[in-house]
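# Architecture and fold: a report
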Amino acid sequence: MGLEVIQMTTGKGYGKVIMFNEHFVVYGIPAIAGAIDRSTVATVEPCKAGCGKPFVPGLHLVDDRPATEGYKEDKIDQQRESVRLILEMMAIDPTKAPIRVHLGGDLKCASGIGASAASCTAMARALDRYYKLGLSDVEINRIAFEGEKGYHGTPSGLDNTVSTFGGLIWYVKGEPMTMEPFKVPKPVEIVMGNTGKVADTTAAVAGVRERRQADPERYGRIFVKAGTLVERARGSLEANDMGAIGKLMDENHRLLQEIEVSSPELDLLVDVARENGAIGAKMTGGGLGGNIVALTPGKRLQEKVARAIEEAGFEALRTRIG
Ligand code: MEV
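Residues numbered from 1 in each chain as written. Predicted model: local features only at pLDDT ≥ 70, side-chain atom pairs only at ≥ 80, totals over all residues. Heavy atoms only, no water.

### Brief notes about the sheet that holds strand β8 (residues 280–284)
- The sheet built from 4 strands is open, its strands ordered β8-β9-β7-β10 with antiparallel pairing. Each end of this open sheet is capped by a strand with a single partner; those strands are β8 and β10 (315–321). On average, adjacent strands in this sheet sit at an angle of 25° to one another, irrespective of strand direction.
- With 5 bridges connecting them, β8 and strand β9 (residues 291–295) associate as antiparallel partners. The residue of β9 that forms the bridge with Lys282 is Val293. (Pairing = 2+ DSSP bridges. Helix = DSSP H or I, 4+ residues; strand = E, 2+ residues; numbered from the N terminus. Axes fitted to C-alpha atoms, helices over the stretch in contact; angles between N-to-C directions.)

Okay, here's the thing in structure tokens:
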């Protein structure tokens, strides 16, 4: 009797937090984002009998990721398109030898935390290992970027880049994109507050585009401010100047309010965080729901802000950047 070779591969993608300039990054203005200590893990194995109905031809998906209520249901069509784009980009046709892909890990899916990018990266890595393609991180990132298009049409590439490379990065969209990893003197505690509202990044990005076209002068002025702000933010992060970083986060939130991507729930959570001592707070990610990020150096302040968010009836994630 021959031994059965159990072929099973895994891949990981990090969740992320955008510290400065979501949305502005879509227009070539630099952004700063960091990986958080939560990730999605994809596992690929051959599909044995009883795999059920395929998610896309030849690929069976078991999505066990923890998630905000309604998230997975809302995103299922986008997820299907994303998986299709990933397979196409990797030139994989699993129909002859069907596969089962399992998604898990400790990143709770929500808007604004990089869940879609994390799953694209994790899947690209696990598929790369399963089919022994030997891809580099740069190639994995390109595939994850392709997968992200399934979720939000014209992504800047920021989320998948953080998800693939981890750490804290300075990112400028372009051909080629600019990605500069940089360091903070020591990791900084942050709290992410989840409004519980699932939001559509495509709609948020499209809204900004329409409003910008309707009022190019006003938007031009706001975009210039965002460009100046992010340069100062990088210097403040590198110098570990918490007061300055916090002020710039507050200012960045105001600019995001001006381009109308915040929401009453996000503004409420930002206020709760600030009232409870956060050095700065802003919405993070696509907005219109999803998450905020609060700067809370030190475990004590982090706990205080996280508790206040929980007492207000929302979920808080204690994590850090750097
Ligand atoms: C979404 O996480 C970030 C946005 O800037 C869109 C993008 O960068 O593609 C809103």
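### Let's talk about the layout of surface pockets
- Space inside the largest pocket adds up to approximately 370 Å³.
- In terms of lining residues, the largest pocket is bounded by 19 residues, among which Arg142, Phe145, Gly174, Glu175 and Met177 are the most central.
- The dominant element in the lining of the largest pocket, judged by the number of residues it contributes, is helix α3 (residues 137–152), at 5 residues.
- Its residues assigned to classes, the lining of the largest pocket comprises 9 nonpolar, 6 polar and 4 charged. (1 Å grid on protein atoms, 1.4 Å probe; cavity = no way out; pocket = protein on both sides within 12 Å on 5 of 7 lines; lining within 4 Å. Points joined across faces, edges and corners; volume = space filled by probe spheres on them. Nonpolar A, V, L, I, M, F, W, Y, C, P; charged D, E, K, R; others polar.)

### Quick word on the nonpolar core
- Membership of the largest hydrophobic core comes to 61 residues, with the highest contact counts inside it found for Phe20, Phe24, Ile32, Ile259 and Ile309.
- The element that contributes the greatest number of residues to this core is helix α6 (residues 216–238), accounting for 8 residues.
- Each of domain 1 (9–182) and domain 2 (188–321) accounts for three or more of the residues forming this core.
- With residues up to four places along the chain from it excluded, the contact list for Ile32 reads Ile18, Met19, Phe20, Leu168, Ile169, Trp170, Phe182, Val230, Ala233, Arg234 and Leu237. (Core = buried A, V, L, I, M, F, W, Y, C linked by side-chain atoms within 4.5 Å. Buried < 20%, exposed > 50% of the residue type's maximum accessible area, 1.4 Å probe, protein only. Domains from an automatic or database assignment. Contact = heavy atoms within 4.5 Å.)

### Details of the pairing of strand β2 (residues 31–46)
- Burial within β2 is extensive, with 12 of its 16 residues counted as buried.
- Of the pairings in the sheet, the one linking strand β1 (residues 9–20) to β2 comprises 10 bridges and is antiparallel in character. Pairing of Thr9 across the sheet is with Val44, part of β2.
- In terms of strand pairing, β2 meets strand β4 (residues 99–105) through 7 bridges, oriented antiparallel. Paired with Val41 across the two strands is Gly104, which belongs to β4.

### Points about the pattern of salt bridges
- Here the structure, examined in full by the defined rule, presents 22 salt bridges.
- The shortest N-O distance in the salt bridge between Asp63 and Arg65 comes to 2.8 Å.
- For Asp63, a relative accessible area of 18% translates into the label buried.
- Overall, the relative accessible area of 4% leaves Arg65 in the buried class.
- Across the pair Glu251 and Arg254 runs a salt bridge whose closest N-O atoms are separated by 3.0 Å. Here the residue Glu251 and the residue Arg254 both occupy positions in helix α7 (residues 242–258), the gap between them amounting to 3 residues, near one helical turn.
- On the accessibility criterion, Arg254 (41% relative accessible area) is partly exposed.
- Three or more residues joined by partner-sharing salt bridges are found here, namely Glu303, Arg307, Glu310 and Arg318. (Salt bridge = Lys/Arg side-chain N within 4 Å of Asp/Glu carboxyl O.)

None of this, on its own, says anything about what the molecule does.
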